[in-house]
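# Observations on the three-dimensional arrangement
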Amino acid sequence: MLGAHDGLSARIVEEAGFKAIWASGLSISASMGVRDSNEASWTQVLETVEFMSDATSIPILLDGDTGYGNFNNARRLVSKLEQRNVAGVCFEDKTFPKTNSLINNRNHDLVRIDDFVGKIRASKDIQKDSDFCVVARTEAFVAGLGLAEALKRAKAYSNAGADAILVHSIHSTQMEISSFMNEWDRRCPVIIVPTRYASVHTSTFEQIGVSIIIWANYLLRASIKQMQKVASDIFKCRTPQPTESNIVSLDEVFRLQGLEELLEAEKRYVLNPQNFSGDGSKR
Ligand code: SPV
Ligand code: MG
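Residues numbered from 1 in each chain as written. Chains lettered and ligands numbered in written order. Predicted model: local features only at pLDDT ≥ 70, side-chain atom pairs only at ≥ 80, totals over all residues. Heavy atoms only, no water.

Cis peptide bonds are those with omega within 30 degrees of zero, and the linkage from Phe 96 to Pro 97 qualifies with -5°. Tracing the backbone shows Pro 97 in the loop between strand S4 (88–92) and helix H5 (113–126). Despite not being glycine, Arg 186 has its phi angle at roughly 60°, a positive value. Looking at the element boundaries, Arg 186 is found in the loop between helix H7 (175–183) and strand S7 (190–192). (Helix = DSSP H or I, 4+ residues; strand = E, 2+ residues; numbered from the N terminus.)

What follows is the structure, given as C-alpha coordinates:
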(Lines give C-alpha, C1' and ligand atoms only; values in the text may rest on other atoms or scores of the structure.)
(Ligands and ions follow the chains in the order given, each with its own letter.)
Protein backbone atom coordinates (compact mmCIF):
# COMPACT_ATOMS: atom_id res chain seq x y z
CA MET A 1 0.00 0.00 0.00
CA LEU A 2 1.09 3.54 -0.64
CA GLY A 3 0.10 6.39 1.65
CA ALA A 4 -2.12 9.21 0.45
CA HIS A 5 -3.69 12.23 2.10
CA ASP A 6 -6.49 13.54 -0.13
CA GLY A 7 -8.60 12.69 -3.16
CA LEU A 8 -5.89 13.68 -5.62
CA SER A 9 -3.03 11.76 -4.03
CA ALA A 10 -5.31 8.74 -3.54
CA ARG A 11 -6.12 8.73 -7.25
CA ILE A 12 -2.39 8.93 -8.04
CA VAL A 13 -1.76 5.86 -5.85
CA GLU A 14 -4.43 3.91 -7.73
CA GLU A 15 -3.11 4.97 -11.15
CA ALA A 16 0.40 3.85 -10.19
CA GLY A 17 -0.93 0.30 -9.81
CA PHE A 18 -1.10 -0.20 -6.04
CA LYS A 19 -3.77 -2.60 -4.82
CA ALA A 20 -4.79 -0.48 -1.85
CA ILE A 21 -4.36 2.93 -0.29
CA TRP A 22 -3.14 3.82 3.20
CA ALA A 23 -4.96 6.96 4.35
CA SER A 24 -2.05 8.08 6.49
CA GLY A 25 -2.71 10.02 9.67
CA LEU A 26 0.68 11.71 9.41
CA SER A 27 0.14 12.69 5.78
CA ILE A 28 -3.45 13.86 6.28
CA SER A 29 -2.56 15.96 9.31
CA ALA A 30 0.54 17.42 7.64
CA SER A 31 -1.42 18.32 4.52
CA MET A 32 -3.85 20.17 6.80
CA GLY A 33 -0.90 22.02 8.34
CA VAL A 34 -1.39 20.49 11.78
CA ARG A 35 0.49 17.93 13.88
CA ASP A 36 -0.07 14.18 13.97
CA SER A 37 -1.41 14.50 17.51
CA ASN A 38 -5.13 14.27 16.88
CA GLU A 39 -5.30 17.99 16.26
CA ALA A 40 -7.56 17.28 13.28
CA SER A 41 -10.89 16.04 14.62
CA TRP A 42 -12.22 12.65 13.60
CA THR A 43 -14.96 14.22 11.48
CA GLN A 44 -12.35 16.28 9.63
CA VAL A 45 -10.40 13.09 8.91
CA LEU A 46 -13.63 11.36 7.90
CA GLU A 47 -14.41 14.10 5.42
CA THR A 48 -10.94 13.77 3.90
CA VAL A 49 -11.21 10.00 3.57
CA GLU A 50 -14.65 10.43 2.00
CA PHE A 51 -13.04 12.49 -0.79
CA MET A 52 -10.38 9.79 -1.13
CA SER A 53 -13.02 7.10 -1.35
CA ASP A 54 -15.04 9.02 -3.95
CA ALA A 55 -11.92 9.55 -6.06
CA THR A 56 -10.83 5.89 -6.21
CA SER A 57 -12.03 2.33 -6.75
CA ILE A 58 -9.40 0.33 -4.83
CA PRO A 59 -9.65 -0.40 -1.09
CA ILE A 60 -8.65 2.27 1.42
CA LEU A 61 -7.31 1.44 4.86
CA LEU A 62 -7.77 4.46 7.12
CA ASP A 63 -5.19 5.14 9.79
CA GLY A 64 -7.73 5.49 12.61
CA ASP A 65 -5.04 6.31 15.20
CA THR A 66 -6.33 5.27 18.63
CA GLY A 67 -9.98 5.35 17.58
CA TYR A 68 -10.51 8.87 18.97
CA GLY A 69 -11.54 7.67 22.42
CA ASN A 70 -12.76 4.41 23.86
CA PHE A 71 -14.46 1.39 22.26
CA ASN A 72 -17.59 3.43 21.60
CA ASN A 73 -15.82 6.18 19.67
CA ALA A 74 -13.89 3.57 17.69
CA ARG A 75 -16.97 1.59 16.70
CA ARG A 76 -18.84 4.73 15.68
CA LEU A 77 -15.94 5.54 13.35
CA VAL A 78 -16.24 2.02 11.86
CA SER A 79 -19.91 2.63 11.06
CA LYS A 80 -19.19 5.98 9.47
CA LEU A 81 -16.36 4.49 7.39
CA GLU A 82 -18.58 1.71 6.09
CA GLN A 83 -21.13 4.31 5.00
CA ARG A 84 -18.38 5.96 2.97
CA ASN A 85 -17.16 2.75 1.31
CA VAL A 86 -13.84 2.73 3.13
CA ALA A 87 -12.52 -0.83 3.24
CA GLY A 88 -10.96 -0.89 6.67
CA VAL A 89 -9.48 0.92 9.62
CA CYS A 90 -6.32 0.49 11.62
CA PHE A 91 -6.35 1.23 15.35
CA GLU A 92 -3.16 1.51 17.41
CA ASP A 93 -2.72 0.62 21.07
CA LYS A 94 -1.47 4.03 22.21
CA THR A 95 -3.25 6.50 24.47
CA PHE A 96 -5.30 9.44 23.15
CA PRO A 97 -4.10 11.93 21.98
CA LYS A 98 -1.50 9.96 20.05
CA THR A 99 1.98 11.08 19.05
CA ASN A 100 3.61 10.10 15.79
CA SER A 101 5.85 7.08 16.27
CA LEU A 102 8.72 8.45 14.18
CA ILE A 103 9.37 11.56 16.30
CA ASN A 104 12.70 11.05 18.05
CA ASN A 105 12.96 10.66 21.82
CA ARG A 106 9.25 10.56 22.61
CA ASN A 107 7.73 8.33 25.25
CA HIS A 108 4.79 6.35 24.01
CA ASP A 109 2.25 5.13 26.55
CA LEU A 110 0.22 2.09 25.57
CA VAL A 111 -3.28 1.29 26.76
CA ARG A 112 -3.95 -1.92 28.70
CA ILE A 113 -4.35 -4.99 26.53
CA ASP A 114 -7.91 -5.52 27.83
CA ASP A 115 -8.94 -2.01 26.83
CA PHE A 116 -7.62 -2.41 23.33
CA VAL A 117 -9.16 -5.85 22.97
CA GLY A 118 -12.53 -4.26 23.81
CA LYS A 119 -11.98 -1.67 21.10
CA ILE A 120 -11.24 -4.36 18.50
CA ARG A 121 -14.19 -6.53 19.57
CA ALA A 122 -16.61 -3.61 19.50
CA SER A 123 -15.36 -2.60 16.05
CA LYS A 124 -15.77 -6.10 14.65
CA ASP A 125 -19.20 -6.46 16.25
CA ILE A 126 -20.60 -3.29 14.73
CA GLN A 127 -19.43 -3.70 11.12
CA LYS A 128 -22.21 -4.64 8.71
CA ASP A 129 -20.11 -5.65 5.70
CA SER A 130 -18.24 -8.85 6.47
CA ASP A 131 -15.38 -7.68 4.22
CA PHE A 132 -14.65 -4.61 6.34
CA CYS A 133 -11.21 -5.01 7.92
CA VAL A 134 -10.15 -3.98 11.38
CA VAL A 135 -6.38 -3.92 11.69
CA ALA A 136 -4.84 -3.89 15.15
CA ARG A 137 -1.54 -2.09 15.40
CA THR A 138 0.80 -2.71 18.27
CA GLU A 139 3.30 -0.09 19.27
CA ALA A 140 5.07 -2.42 21.71
CA PHE A 141 8.41 -2.12 19.87
CA VAL A 142 8.00 1.64 19.45
CA ALA A 143 7.38 1.97 23.20
CA GLY A 144 10.53 -0.07 23.89
CA LEU A 145 8.65 -2.99 25.45
CA GLY A 146 10.31 -5.69 23.36
CA LEU A 147 9.42 -8.86 21.50
CA ALA A 148 7.54 -10.72 24.25
CA GLU A 149 5.12 -7.82 24.76
CA ALA A 150 4.69 -7.35 20.99
CA LEU A 151 3.79 -11.02 20.58
CA LYS A 152 1.51 -11.03 23.61
CA ARG A 153 -0.41 -8.04 22.32
CA ALA A 154 -0.55 -9.29 18.73
CA LYS A 155 -1.98 -12.63 19.86
CA ALA A 156 -4.56 -10.98 22.10
CA TYR A 157 -5.67 -8.63 19.32
CA SER A 158 -5.88 -11.44 16.79
CA ASN A 159 -7.94 -13.53 19.23
CA ALA A 160 -10.25 -10.53 19.66
CA GLY A 161 -11.04 -10.68 15.94
CA ALA A 162 -8.53 -8.35 14.30
CA ASP A 163 -8.23 -9.16 10.60
CA ALA A 164 -4.53 -8.34 10.55
CA ILE A 165 -1.81 -7.15 12.91
CA LEU A 166 0.31 -4.13 12.09
CA VAL A 167 3.61 -4.41 13.92
CA HIS A 168 5.34 -1.07 13.97
CA SER A 169 9.08 -0.71 14.41
CA ILE A 170 11.20 2.41 14.27
CA HIS A 171 14.49 0.52 14.44
CA SER A 172 16.90 1.35 11.62
CA THR A 173 17.08 -2.31 10.58
CA GLN A 174 14.46 -5.03 10.11
CA MET A 175 15.73 -6.74 13.28
CA GLU A 176 12.55 -6.35 15.37
CA ILE A 177 10.27 -7.36 12.50
CA SER A 178 12.40 -10.44 11.72
CA SER A 179 12.39 -11.51 15.35
CA PHE A 180 8.61 -11.04 15.49
CA MET A 181 8.01 -13.05 12.31
CA ASN A 182 10.28 -15.80 13.62
CA GLU A 183 7.94 -16.35 16.58
CA TRP A 184 4.62 -15.43 14.99
CA ASP A 185 2.38 -18.45 14.40
CA ARG A 186 0.76 -16.87 11.33
CA ARG A 187 -2.69 -16.88 12.87
CA CYS A 188 -3.46 -13.72 10.88
CA PRO A 189 -1.66 -11.51 8.32
CA VAL A 190 1.07 -9.11 9.41
CA ILE A 191 1.48 -5.57 8.07
CA ILE A 192 4.59 -3.41 8.45
CA VAL A 193 5.52 0.24 7.86
CA PRO A 194 9.23 0.21 7.00
CA THR A 195 9.89 3.96 6.93
CA ARG A 196 12.94 3.65 9.19
CA TYR A 197 14.26 0.50 7.51
CA ALA A 198 13.19 1.44 3.99
CA SER A 199 16.39 0.16 2.37
CA VAL A 200 15.39 -3.46 3.02
CA HIS A 201 13.99 -4.94 -0.17
CA THR A 202 10.37 -6.10 -0.30
CA SER A 203 11.46 -9.64 -1.21
CA THR A 204 13.13 -9.97 2.21
CA PHE A 205 9.80 -9.24 3.90
CA GLU A 206 8.00 -11.63 1.57
CA GLN A 207 10.45 -14.36 2.55
CA ILE A 208 9.85 -13.89 6.27
CA GLY A 209 6.07 -13.96 5.81
CA VAL A 210 4.97 -10.33 5.97
CA SER A 211 1.69 -9.89 4.04
CA ILE A 212 1.44 -6.15 3.42
CA ILE A 213 3.95 -3.31 3.33
CA ILE A 214 2.80 0.27 3.80
CA TRP A 215 4.96 3.02 2.28
CA ALA A 216 3.25 5.56 4.45
CA ASN A 217 4.41 9.07 3.72
CA TYR A 218 6.25 9.12 0.38
CA LEU A 219 3.71 11.09 -1.65
CA LEU A 220 3.41 13.70 1.06
CA ARG A 221 7.18 14.13 1.21
CA ALA A 222 7.44 14.21 -2.58
CA SER A 223 4.83 16.94 -2.82
CA ILE A 224 6.49 19.04 -0.10
CA LYS A 225 9.83 18.96 -1.88
CA GLN A 226 8.33 19.91 -5.23
CA MET A 227 6.09 22.64 -3.80
CA GLN A 228 9.02 24.15 -1.92
CA LYS A 229 11.14 24.17 -5.06
CA VAL A 230 8.48 25.68 -7.30
CA ALA A 231 7.44 28.27 -4.68
CA SER A 232 10.99 29.46 -4.17
CA ASP A 233 11.77 29.42 -7.92
CA ILE A 234 8.75 31.61 -8.70
CA PHE A 235 9.59 33.93 -5.82
CA LYS A 236 13.22 34.27 -6.88
CA CYS A 237 12.61 34.57 -10.64
CA ARG A 238 9.44 36.62 -10.30
CA THR A 239 7.97 34.50 -13.10
CA PRO A 240 6.87 30.86 -13.28
CA GLN A 241 8.48 30.42 -16.70
CA PRO A 242 11.78 28.72 -15.71
CA THR A 243 10.03 26.21 -13.48
CA GLU A 244 7.33 25.10 -15.96
CA SER A 245 9.19 21.81 -16.58
CA ASN A 246 8.83 20.92 -12.88
CA ILE A 247 5.06 21.03 -12.91
CA VAL A 248 2.24 19.21 -14.71
CA SER A 249 0.06 20.83 -17.36
CA LEU A 250 -3.39 22.10 -16.49
CA ASP A 251 -4.78 19.40 -18.79
CA GLU A 252 -3.27 16.84 -16.43
CA VAL A 253 -4.97 18.56 -13.49
CA PHE A 254 -8.31 18.45 -15.33
CA ARG A 255 -7.77 14.77 -16.23
CA LEU A 256 -7.09 13.84 -12.61
CA GLN A 257 -10.23 15.73 -11.58
CA GLY A 258 -12.26 13.57 -13.97
CA LEU A 259 -13.30 16.40 -16.28
CA GLU A 260 -13.93 14.00 -19.13
CA GLU A 261 -16.83 12.36 -17.31
CA LEU A 262 -18.47 15.74 -16.75
CA LEU A 263 -18.14 16.67 -20.42
CA GLU A 264 -19.78 13.36 -21.38
CA ALA A 265 -22.54 13.93 -18.84
CA GLU A 266 -23.19 17.39 -20.22
CA LYS A 267 -23.80 15.84 -23.62
CA ARG A 268 -26.46 13.64 -22.07
CA TYR A 269 -28.13 16.07 -19.70
CA VAL A 270 -27.67 19.58 -21.08
CA LEU A 271 -29.55 20.51 -24.22
CA ASN A 272 -26.86 22.88 -25.44
CA PRO A 273 -23.61 22.09 -23.59
CA GLN A 274 -21.78 25.07 -25.12
CA ASN A 275 -24.04 27.42 -23.20
CA PHE A 276 -23.88 25.54 -19.91
CA SER A 277 -22.32 27.53 -17.13
CA GLY A 278 -22.54 24.96 -14.37
CA ASP A 279 -25.39 26.45 -12.36
CA GLY A 280 -27.95 25.90 -15.09
CA SER A 281 -28.09 29.55 -16.14
CA LYS A 282 -27.35 30.63 -19.69
CA ARG A 283 -24.12 32.45 -20.37
C1 SPV B 1 1.02 7.20 9.38
O2 SPV B 1 1.34 7.18 8.19
O3 SPV B 1 0.34 8.08 9.87
C4 SPV B 1 1.46 6.12 10.28
C5 SPV B 1 2.75 5.49 10.06
O6 SPV B 1 0.77 5.86 11.24
S7 SPV B 1 3.89 6.27 11.08
O8 SPV B 1 3.97 7.66 10.67
O9 SPV B 1 5.16 5.57 10.90
O10 SPV B 1 3.45 6.16 12.46
MG1 MG C 1 -0.45 7.37 11.78
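More follows now that the structure is in view.
Moving on to the side chain of Lys 94. Counting through the fold element by element, Lys 94 comes out in the loop between S4 and H5. By relative accessible area, Lys 94 is classed as buried at 3%. Only 3.0 Å separates the side chain of Lys 94 from the backbone oxygen of Thr 99, close enough to count as a polar contact. Residue contacts for Lys 94: discarding those within four places in its chain leaves Thr 66, Thr 99, Asn 100, Ser 101, His 108, Asp 109, Leu 110, Val 111 and Glu 139. (Buried < 20%, exposed > 50% of the residue type's maximum accessible area, 1.4 Å probe, protein only. Polar contact = N/O pair within 3.5 Å; in protein donor to acceptor, adjacent residues only side chain to side chain. Contact = heavy atoms within 4.5 Å.)

Once that is clear, we can look at the environment of Trp 215. With respect to the helices and strands, Trp 215 occurs in the loop between strand S8 (212–213) and helix H9 (218–237). Exposure remark for Trp 215: the relative accessible area of 18% places this residue in the buried category.

What follows deals with helix H3 (residues 42–54). End to end, H3 covers 18 Å across 13 residues, agreeing with the expected 18 Å (1.5 Å per residue, within 8%). Burial in H3 covers these residues: Val 45, Leu 46, Thr 48, Val 49, Met 52 and Ser 53. End-on view of H3: buried residues confined to an arc of 165°, all on one side of the axis. Counted as exposed and oriented over 90 degrees from the buried face of H3: Phe 51 and Asp 54. For H3, the elements touching its buried residues are strand S1 (2–4), helix H1 (7–16), strand S2 (21–23), helix H2 (25–31), strand S3 (60–63) and helix H4 (71–83). (Expected span 1.5 Å × (residues − 1). Arc of directions from axis to C-beta.)

Okay, the pairing of S3 next. The alternating pattern of S3 places Ile 60 and Leu 62 and Leu 61 and Asp 63 on opposite faces, both of which are buried. Where S2 and S3 come together, three bridges link them in parallel fashion. From the neighbouring strand, Trp 22 faces S3, where its bridge partner is Leu 61. For S3 and S4, the ladder comprises three bridges, and the chain directions are parallel. Considered in S4, the bridge of Leu 61 is made with Gly 88. The handedness of the S3 to S4 crossover, carried by H4, is right-handed. (Pairing = 2+ DSSP bridges. Right-handed = clockwise from strand over helix to strand, strands pointing away.)

Keep in mind that these numbers describe shape and distance, not what the molecule does.
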